[in-house]
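Read off the chains here:
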Amino acid sequence: MRIDFHTHTTASDGALAPAELVARALAGDVQLLAITDHDTMLGSAAAARLYTHGAARMRLIPGVEFSCVWSGTTVHILGLGVDAAHPAMVGGLAQLVQAREARGQKISSRLEACGFGGALAGALCEAGESQLGRPHFARWLVAQGHVRDETEAFDKYLGQGRTGDVRAFWPQLAEVVRWIVAAGGVAVIAHPLQYRFTRLKLRRLVVDFVAAGGGCLEVLSGRQNADQVGRLAALAREFDLEVSVGSDFHRDSPYGPQVGVELPRLEGLRGVWERWMTAA
Ligand code: MN
Ligand code: MN
Ligand code: MN
């Protein structure tokens, strides 16, 4: 069985429109799909409007990927099965829009200090309907001829530790988990190994996450080896967490993952997907 509980569309920093992503998932024989754009449910909602699972073999699960702060680091928390209309979610998402705008202003003034005026207006143009993010500043820098390509934009100005790496505006982890749970969803720690925490620090994250009401760990995210999956599965077992899997698909790339993940065999673990399998 193939599912995917972590995907992006043009509503955030993905390359495919929600309709295109749905078509791609159907072509890939995906049976359960969650669109989890960064800090917005517009992609997920757009897909739900144009696709009703009653008519076909795939089921859509409402989703989002929140940015938040834990222990001074940006951590990503997925919300699966959340009700986008719940006041906790509406308020939370509005807070994130403001956070992104404030962050965009700060990135812009930092770039201005480097001699690149008008970055905010330019990046907002690049973003269009999408959530404003660093990739839009990167595209603007390329379009202005300040850098050769987006890679150089991140290497020089926007990547980790660079002047445009502004992170201070995200809500706290516990707050985001609270919104998700209040809105009837399950909170998932996204790509737990991407933060490059020590084993001890990762355990501390899980402890705080569970204390806040979090219940699920993403044990397979994009391409990972069996050893990494095993390590995360052990962590899920220790804390009695459900497990999730997803591609974290953003765009077609020869090296990147495709939409859809073959369910791994995970002895003694509860897949979060089981919540939506029987009621389909
Ligand atoms: Mn992304
Ligand atoms: Mn992420
Ligand atoms: Mn993601």
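Before reading on, note that the structure itself is shown above.
Residues numbered from 1 in each chain as written. Chains lettered and ligands numbered in written order. Predicted model: local features only at pLDDT ≥ 70, side-chain atom pairs only at ≥ 80, totals over all residues. Heavy atoms only, no water.

Visitor: Could you give an account of the sheet that holds strand β2 (residues 30-34), naming the residues involved and the relevant values?
Guide: In spatial order, the strands read β3-β2-β1-β9; together these four strands make up an open sheet with mixed pairing. In this open sheet, the two edge strands, each paired with only one partner strand, are β3 (59-61) and β9 (261-262). Both strand β1 (residues 2-4) and β2 contribute to a ladder of three bridges, which runs parallel. Residue pairing across strands places I3 opposite L32, the latter belonging to β2. (Pairing = 2+ DSSP bridges. Helix = DSSP H or I, 4+ residues; strand = E, 2+ residues; numbered from the N terminus.)

Visitor: Can you tell me about the pairing of strand β4 (residues 63-70), naming the residues and giving the values?
Guide: Here β4 lies mainly inside the structure; eight of its eight residues are buried. Where burial is concerned, the two faces of β4 agree: the one with G63, E65, S67 and V69 and the one with V64, F66, C68 and W70 are both buried. Sheet topology note: the β4/strand β5 (residues 73-80) ladder contains eight bridges and is antiparallel. Paired with F66 across the two strands is I77, which belongs to β5. The hairpin formed by β4 and β5 contains two residues between the paired strands, and S71 there has a positive phi angle of roughly 50 degrees. (Buried < 20%, exposed > 50% of the residue type's maximum accessible area, 1.4 Å probe, protein only.)

Visitor: Can you lay out the coordination of the manganese ion (ligand 3) for me, pointing to particular residues and giving the numbers?
Guide: Bound to the manganese ion (ligand 3) on the protein side are H6 (NE2), H8 (NE2), E65 (OE) and D248 (OD), at distances that span 2.1 to 2.2 Å. Counting the intervening residues between successive donors of the manganese ion (ligand 3) yields the motif H-x1-H-x56-E-x182-D. (Donors = N, O, S within 2.8 Å, 3.2 Å for Na, K, Ca; no water.)

Visitor: Break down the coordination of the manganese ion (ligand 1) for me, with residues and values.
Guide: Note on metal sites: the ideal angle is 109.5 degrees for four tetrahedral donors, and 90 or 180 degrees for six octahedral donors. Protein ligation of the manganese ion (ligand 1) involves D13 (OD), H38 (NE2) and H250 (NE2), the donor distances falling in the range 2.1 to 2.2 Å. A separation of 5.6 Å is found between the manganese ion (ligand 1) and the manganese ion (ligand 2). With D13 in the loop between β1 and α1 (18-27) and H38 in the loop between β2 and α2 (42-50), this residue pair connects regions lying 25 residues apart in the sequence. Of the residues examined, H38 reaches a relative accessible area of 11% and is grouped as buried.

Visitor: Break down the packing of aromatic side chains for me, with residues and values.
Guide: Scanning the model with the defined rule gives five aromatic pairs in all. Aromatic side chains F5 and W276 sit 5.7 Å apart centroid to centroid with 90 degrees between the ring planes, which places their arrangement in the edge-to-face category. With F5 in the loop between β1 and α1 and W276 in helix α10 (residues 274-277), this residue pair connects regions lying 271 residues apart in the sequence. The class for W276 is buried, based on a relative accessible area of 13%. Pairing F116 with Y157 gives two aromatic rings, centres 5.2 Å apart and planes at 90 degrees, and the pair type is edge-to-face. (Phe/Tyr/Trp six-rings, centres within 6.5 Å; stacked < 30°, edge-to-face > 60°.)

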